[in-house]
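Descriptive analysis of the structure
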Amino acid sequence: MEKILNLAASLLAMGVAAFPAEANEMVEKGAYLTAAAGCQACHTDPKEKQAFAGGRPLKTPFGIFYSPNITPDSKSGIGNWTEEEFIKAVKQGISPEGSHYFPAFPYTSYAKMTDQDAKAIFAYLRSLSPIERENRDHEIVAPFSWRWLQTGWKLLFFDDKTPAPLADKKLDRGRYLVDALGHCGECHTPRNSLGGLDQSRYLAGMAGGGEGELVSNITPDPKTGIGDWSTGDMVSFLETGMKPDFDDVQGSMEEVISHGTSKLTKEDREAMAEYLRSITPIENKISR
Ligand code: HEC
Ligand code: HEC
């Protein structure tokens, strides 16, 4: 019952007089997109396992961030948010109070998400049961803890221009899944000293990415990347975490697969695989 009330409230918030069938469809679509975008892994404390209630520590060179509660609880979560506020947070990194989020929240990638998809994700989150769980303050040091500094950071690194569509529909879908939803570059593209992504080395991997891990070069470079992976190899890796050499996936990539890419359709995994094989190979050997 609570779920239904929530759904009704979220539909009101969305300002649509949708029929239940349409609303359900939107929630289902949102669930799929939420998986593709990997929201759950970051917004769930692995110890408490209360999905989307936040509290997961994210270790970065700038300190520890704790993800907030994004269940529809009106006190501690985003229960009072409007759809507009949600889109602004996810796609522009701006809170309802007008302050800037830290880019530990990968809104820099989500900026390329369509409004329609962001709305569906909102509908899905609103359909969940609210969980009361207070947010925890980040443990980061000045000057990185100064939210207003994010304005300058954004001027330097925030690019929300939607790229021109690729002529091949499948590759275009693949790029959307990799860049806008899957935010693969947030871990696989090297960062400069200010934490901005170095797009000239797109997906070429880095040491100390993700949560301080060795993040692989996933460009099709034959020596240092994954030039020897077939589309089929990549499709099954994104489904099962098994590599062509029968190694199991490690670290944060395991979550990307278990909460994300394993839940997608085969067509979408294929689109991602084909897109990754089409990008510029970059020679970059990853080591400590
Ligand atoms: C890599 C980890 C990560 C991923 C993935 C992620 N988030 Fe977050 N999110 C964060 C962090 C950290 C913050 C807090 C940022 C801050 O305080 O400046 C945040 C903040 C938010 C906020 C603001 C909440 C508030 O109370 O102000 C919303 C809404 C949100 N995320 C939704 C999402 C959605 C929806 C997705 C998937 C499309 C997502 N997040 C994916 C880490 C993540
Ligand atoms: C939270 C950080 C993070 C995100 C986001 C992420 N990855 Fe990874 N990825 C890693 C790490 C760490 C490894 C190394 C783990 C391993 O090799 O077992 C890795 C390994 C891989 C590998 C294996 C490469 C090899 O040579 O063994 C592939 C392929 C891959 N990622 C693809 C992707 C794709 C596609 C996406 C976007 C959907 C993505 N990753 C998003 C952290 C991430």
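Presented here is an overview of the structure given in this document.

Cut-offs used in this document
Residues numbered from 1 in each chain as written. Chains lettered and ligands numbered in written order. Predicted model: local features only at pLDDT ≥ 70, side-chain atom pairs only at ≥ 80, totals over all residues. Heavy atoms only, no water. Donors = N, O, S within 2.8 Å, 3.2 Å for Na, K, Ca; no water. Helix = DSSP H or I, 4+ residues; strand = E, 2+ residues; numbered from the N terminus. Near = heavy atom within 4 Å. Polar contact = N/O pair within 3.5 Å; in protein donor to acceptor, adjacent residues only side chain to side chain. Nonpolar A, V, L, I, M, F, W, Y, C, P; charged D, E, K, R; others polar. Tetrahedral: all angles 85-135°; square planar, octahedral: opposite > 155°, others 65-115°. Buried < 20%, exposed > 50% of the residue type's maximum accessible area, 1.4 Å probe, protein only.

1. Some details on the coordination of the iron atom of ligand 1
One donor from the polypeptide reaches the iron atom of ligand 1: His-43 (NE2), at 2.0 Å. Structurally, His-43 can be placed in the loop between α3 (39-42) and β1 (57-60).

2. Examining the site of ligand 2
The environment of ligand 2 is formed by 23 residues, the closest being Cys-184, Cys-187, His-188, Lys-243 and Met-253. One nitrogen or oxygen atom from the side chain of His-188 is found 2.8 Å from a nitrogen atom belonging to ligand 2. A distance of 2.7 Å separates an oxygen atom of ligand 2 from a polar atom in the backbone of Gln-250. Mapped onto the shell around ligand 2, the elements with two or more residues apiece are α9 (185-188), β5 (213-215), α10 (231-240), α11 (251-260) and α12 (266-278). Taken together, the residues of the shell around ligand 2 break down into 15 nonpolar, six polar and two charged.

3. A few points about the coordination of the iron atom of ligand 2
Six octahedral donors around a metal ideally subtend angles of 90 or 180 degrees, whereas four tetrahedral donors ideally subtend 109.5 degrees. The protein atoms that coordinate the iron atom of ligand 2 are His-188 (NE2) and Met-253 (SD), at distances of 2.0 to 2.2 Å. Viewed at the metal, the six donor atoms of the iron atom of ligand 2 are separated by angles of 88 to 179 degrees, and the geometry they form is octahedral. In this pair, His-188 is assigned in helix α9 and Met-253 in helix α11, connecting sequence segments 65 residues apart. For Met-253, a relative accessible area of 22% gives the class partly exposed.

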